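The primary structure of each chain is shown beneath.
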Amino acid sequence: MTEISRNGGTGGTHPGRIGIGLDLDSTHMKILEVLRENGRISVASLAERVGISRANAYTRFEALRAEGAIKGFTAEVDPVKAGLGITALIFVTVRQQMWKQFRAELARMPEVEYCAITTGQHDAMILVRVADVAEVHAMVTDRLANIPAVKATETVFILDEVLKRPYVLPSDRERARPSRRPAPETPGDVPLGKMRFVQAAEGRAALRKDT
């Protein structure tokens, strides 16, 4: 796997490493970028988009799956069209000696899409999707509040999901870095962070006299 990754790619740098035998190079990144847009793309189309041979694309794709960099494929569903129009974040403070119970109870809640252990004031963040606000209220007051492991909760409703990506890659940062602003070529150009005073427009003095 390592030899394929190092000799079959187009770049000489290795921005990341996955598994125990596969170096993640720039060509792997391009494959993951294309799959992020369309996970059902054919190997031939994938090879064309990335700029490598079909055999190379297939080998690299299978290597990414074998190493666990690609965990699987799934459909992206619009929760609103599926009948789940309310999304909320529930921050939970957990009694530290009862984490096992908290995890077990949480796994039995079908409304929970995501849960993460966090730092800060609370111990965990839960993302839930339900049909209406009453379901969130019932979940917090009737179910979470009755779990002995839960000490306190705080609920925040999501008004709009502005940005949601399937995943992010190190290559995204490189592409998003702004280019350096060129030095001003004319006296009228003002560098970022500085101010320029502009004279009053012609006719303003006459307007002041009229008033």
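Residues numbered from 1 in each chain as written. Predicted model: local features only at pLDDT ≥ 70, side-chain atom pairs only at ≥ 80, totals over all residues. Heavy atoms only, no water.

Caption draft 1: Spatial organisation of helix 2 (residues 26–37). With 12 residues, helix 2 should reach 16 Å at 1.5 Å per residue; the first-to-last C-alpha distance of 17 Å fits that figure. Here helix 2 has its buried residues at Thr27, His28, Met29, Ile31, Leu32, Glu33, Val34 and Leu35. Two or three places before Thr27, at the opening of helix 2, Asp25 has a side-chain oxygen 3.1 Å from that residue's backbone nitrogen. (Helix = DSSP H or I, 4+ residues; strand = E, 2+ residues; numbered from the N terminus. Expected span 1.5 Å × (residues − 1). Buried < 20%, exposed > 50% of the residue type's maximum accessible area, 1.4 Å probe, protein only. Polar contact = N/O pair within 3.5 Å; in protein donor to acceptor, adjacent residues only side chain to side chain.)

Caption draft 2: Molecular detail of the nonpolar core. If you look at the biggest cluster of nonpolar residues, it comprises 20 residues, and the most contacted ones within it are Ile90, Val92, Phe102, Met109, Val112, Ile126 and Val128. Mapped onto this core, the elements with two or more residues apiece are strand 3 (86–94), helix 5 (99–107), strand 5 (124–130) and helix 6 (133–144). One finds Leu22, Met29, Val50 and Ile70 within the second-largest nonpolar core, a separate group that totals 18 residues. (Core = buried A, V, L, I, M, F, W, Y, C linked by side-chain atoms within 4.5 Å.)

Caption draft 3: Representation of the packing of helix 2 against helix 3 (residues 43–50) in the model. For the pair helix 2 and helix 3, interaxial distance at closest approach is 10 Å and the crossing angle is 125°. Viewed along their axes, helix 2 and helix 3 adopt a mutual orientation that is oblique. Note on packing geometry: the crossing formed by helix 2 with helix 3 is right-handed. Taken together, the residues of helix 3 that come into contact with helix 2 (itself represented by Thr27, Lys30, Ile31, Val34 and Glu37) are Leu46, Arg49 and Val50. (Axes fitted to C-alpha atoms, helices over the stretch in contact; angles between N-to-C directions. Parallel < 35°, antiparallel > 145°, perpendicular 65-115°, else oblique. Left-handed = near helix turned anticlockwise from the far one by under 90°. Contact = heavy atoms within 4.5 Å.)

Caption draft 4: Up close: the environment of Phe73. Mapped onto the fold, Phe73 is located in the loop between helix 4 (54–67) and strand 3. Owing to a relative accessible area of 45%, Phe73 belongs among the partly exposed residues under this scheme. Sequence separation between Phe73 and Gly39 is 34 residues, and the spatial gap between their C-alpha atoms is 6.8 Å. Residues in contact with Phe73, not counting those within four places in the same chain, are Gly39 and Phe61.

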